[in-house]
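Reading the structure
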Amino acid sequence: MIRKTSLLITLFLISSVSLLAQDKDAVIEAIIEEANENSQLETLGHQLMDGIGPRLVGTPQMKNAHNWAVAKYESWGIPARNEQWGEWKGWERGISHIDMVHPRIQSLRGTQLAWSPSTSKKGVTAELVILPTVSDSLEFVNWLPNVKGKLVMISMPQPTGRPDYNWEEFATEKSFEKMKKERDEQNDAWNQNIRNTGLNRRSLPIALEEAGAVGIVASYWSRGFGVNKIFGAYTKEIPTVDLELEDYGMLYRLVESGQKPELRIVAESKEMGKVPTFNTIAEIKGSEKPDEYVILSAHFDSWDGGTGATDNGTGTLVMMEAMRILKKAYPNPKRTILVGHWGSEEQGLNGSRAFVEDNPEIVNGVQAVFNQDNGTGRVVRISGGGFLDSYDYLGKWLHEVPREITSEIETTFPGTPASGGSDYASFQAAGAPAFSLSSLSWSYWNYTWHTNRDTYDKIVFDDVRNNAILTAILAYMASEHPEKTSREKAVLPISNRTGEQLEWPTPRSPERDGGQN
Ligand SMILES: [Zn+2]
């Protein structure tokens, strides 16, 4: 693969006449060579995912990650800093252990949710109960005293632990259709029953806690083998844990059959008051136009059921590796190349919104922003983000990237701006040309996104390397581009959903005092 690349470049060099083109190709060749011959991706990935671990906002691990990134950049000769933009509830995960202790002993696979209140070291041991079927909130209120001293199961038990693709492969068509129909009906009935209680996902655990429950047991299956999504707890005093589908289903059936199963839940954690939240910023200063910026963008934080490997460890690796390579292959850029590793994207793009709000002069000087945040796969989609002239420059830059990297990329010009989803939206809202480098899925949505399985082993390093090369070349081309990029906005299309013309999103302020609910 490496040899083929250099051969292509050599052929192109021979056919090219201008000295400028040769210089340009030399930089691109150096970028590719550094990425392939001296890749740091595996080392960075191991240090970040395995060594530091998940990066939930407000945890000591998030702070460790910011400090690690600054030290890395400095070791590469790139000045870096952590910029505080707000505060968050400080919390640290402790030891968790969940066992069934009646009617028999079995250690269970589960995870306390982020920000779950702590149990004592001995934990809490109690009987499990399930929610009753009720016709209205009064009936539910009358039932509520039953939860006193109990652990309450609040999720629907899944009828199958096999993902749909597995059914599709092996089931008869008739039985697959039957399963889906029954599951849909079960879902509808479950949701209707929750509505009948007058409560929702957020208020139900709190009502149970206030009625004297001693813990909440949930299960958020992610529709793959062994995968659950792990988000945050809403309870204030009692622990909230997620159990994997298999264990949750077993316990639910035992409750239904009158076996009165009991669990012991040890879920220790530490509350640490308010702690500062940061973005890590590193810059290679521009030599000709230091006040114009090419921004490499990837959120640094993660949920903490796994280690945040594909959301957004891989985006982080792409941007760090691209910066390292650029510093070697293109040390004196025309424009400033700045990388932003944003905090608290997961709670609402907070770090990037703060950066945009706090740095209007940088936002005005943006030549281009490249953001990556949807997993480990090769970049296969790039949209012009609603910038009318984006084809003229982004198209030109992409043309300089080797075909083997761009051949699968589908482009949409001028495209439409994003209203959220990831940090490029914060820049687009402020009118700065920002683009999402969107990846091939690699089963992202069910297997890794916000799950307990988002770990180092899911990283596909060849694809990440591909993306680091792409990003470095795009940054180089954007930096060298003769003119400042146009920000003219396209006339946006009529929305299929609302039937009204789409409007350009407007900048939103970040949450700067988070987790204080
Ligand atoms: Zn993400």
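None of the values given here were measured: they were computed from a predicted structure.

**Some words on the environment of isoleucine 265**
Summarising the element assignment, isoleucine 265 is placed in strand E8 (residues 262–284). Residues isoleucine 265 and leucine 108, spaced 157 residues apart in sequence, show a C-alpha to C-alpha distance of 9.8 Å. Sequence-distant contacts of isoleucine 265, defined by excluding residues within four places in its chain, comprise His97, Ile98, Thr119, Gly123, Val124, Leu151, Val217 and Val241.

**A word on the packing of aromatic side chains**
Per the stated rule, a full pass over the model turns up 21 aromatic pairs. Judged by centre distance (5.4 Å) and plane angle (45°), the ring pair of tyrosine 393 and tryptophan 397 falls under tilted. Remark: tryptophan 397 and tyrosine 393 occur in helix H13 (residues 390–399); sequence separation between them is 4 residues, near one turn of the helix. Each of the two residues, tyrosine 393 as well as tryptophan 397, counts as buried.

**Considering the UniProt feature "domain: Peptidase M28" (unreviewed entry) in the chain**
The positions that UniProt labels "domain: Peptidase M28" (unreviewed entry) are, in the present scheme, residues 279–468. What you have in residues 279–468 is 36% helix and 23% strand, and the ends, taken at the C-alpha atoms, are 21 Å apart.

**Focus: the coordination of the zinc ion**
Four donors placed tetrahedrally about a metal ideally form angles of 109.5 degrees, and six donors placed octahedrally ideally form angles of 90 or 180 degrees. Protein-derived ligands of the zinc ion are His299 (NE2), Asp311 (OD), Asp373 (OD) and Asp373 (OD), with the metal-ligand distances lying across 1.9 to 2.8 Å. Note that the zinc ion binds 4 donor atoms; their angles at the metal cover 51 to 149°, and the shape is irregular. Mapping the donors of the zinc ion onto the primary sequence gives the spacing H-x11-D-x61-D. Within this pair, whereas histidine 299 is found in strand E9 (residues 289–299), its partner aspartate 373 is found in the loop between strand E11 (366–371) and strand E12 (379–383), the two being separated by 74 residues in sequence. Judged by its relative accessible area of 0%, histidine 299 is buried. Assessed through its relative accessible area of 13%, aspartate 373 is described here as buried.

**A few points about the pattern of salt bridges**
The full count for this structure, using the stated rule, is 25 salt bridges. Here glutamate 34 ties to lysine 328 by a salt bridge, and the two come within 3.2 Å at their closest N and O atoms. Of this pair, glutamate 34 sits in helix H2 (residues 19–37) while lysine 328 sits in helix H10 (residues 309–329); the two residues are 294 residues apart in sequence, bridging distant segments of the chain. Glutamate 34 sits in the buried class, given a relative accessible area of 12%. Note that arginine 81 is salt-bridged to glutamate 83, the shortest N-O span being 2.8 Å. It is possible to trace a salt-bridge network through shared partners that takes in Glu34, Glu321, Arg324 and Lys328.

**Focus on the packing of helix H3 (residues 41–52) against helix H4 (residues 60–75)**
Where H3 meets H4, the closest approach of the two axes is 10 Å, and the angle between their N-to-C directions is 160°. Taken together, the axes of H3 and H4 are roughly antiparallel relative to one another. For the pair H3 and H4, the crossing hand works out as right-handed. Contacts between H3 and H4 involve Leu44, Gln47, Leu48 and Ile52 on the former and, on the latter, Gln61, Asn64, Ala65, Trp68 and Lys72. Residue composition of the contact of H3 with H4, by class: 5 nonpolar, 3 polar and 1 charged.

**Brief notes about unusual backbone geometry**
Most peptide bonds take the trans form, and the phi angle of most residues other than glycine is negative. Note the cis peptide between histidine 102 and proline 103, where omega equals 5°. Mapped onto the fold, proline 103 is located in the loop between strand E1 (80–102) and strand E2 (106–108). Of note in this structure, tryptophan 115 is not a glycine but carries a positive phi near 65°. By the element assignment, tryptophan 115 lies in the loop between strand E3 (110–112) and strand E4 (124–130). Its identity as a non-glycine residue notwithstanding, histidine 450 has a phi of 65°, on the positive side. Tracing the backbone through its elements, the reader meets histidine 450 in the loop between helix H16 (444–448) and helix H17 (461–480). The exposure class of histidine 450 is buried, given its relative accessible area of 7%.

**A short note on the side chain of histidine 341**
Of note, histidine 341 is situated in strand E10 (residues 335–342). Polar contacts involving the side chain of histidine 341 include one to the side chain of tyrosine 73, which spans 2.7 Å. With residues up to four places along the chain from it excluded, the contact list for histidine 341 reads His66, Tyr73, Asn279, Thr280, Ala298, Phe300, Thr316, Met319 and Met320.

Definitions and cut-offs
- Residues numbered from 1 in each chain as written.
- Predicted model: local features only at pLDDT ≥ 70, side-chain atom pairs only at ≥ 80, totals over all residues.
- Heavy atoms only, no water.
- Helix = DSSP H or I, 4+ residues; strand = E, 2+ residues; numbered from the N terminus.
- Contact = heavy atoms within 4.5 Å.
- Phe/Tyr/Trp six-rings, centres within 6.5 Å; stacked < 30°, edge-to-face > 60°.
- Buried < 20%, exposed > 50% of the residue type's maximum accessible area, 1.4 Å probe, protein only.
- UniProt positions renumbered as here; feature names shortened; annotations may be inferred.
- Donors = N, O, S within 2.8 Å, 3.2 Å for Na, K, Ca; no water.
- Tetrahedral: all angles 85-135°; square planar, octahedral: opposite > 155°, others 65-115°.
- Salt bridge = Lys/Arg side-chain N within 4 Å of Asp/Glu carboxyl O.
- Axes fitted to C-alpha atoms, helices over the stretch in contact; angles between N-to-C directions.
- Parallel < 35°, antiparallel > 145°, perpendicular 65-115°, else oblique.
- Left-handed = near helix turned anticlockwise from the far one by under 90°.
- Nonpolar A, V, L, I, M, F, W, Y, C, P; charged D, E, K, R; others polar.
- Polar contact = N/O pair within 3.5 Å; in protein donor to acceptor, adjacent residues only side chain to side chain.

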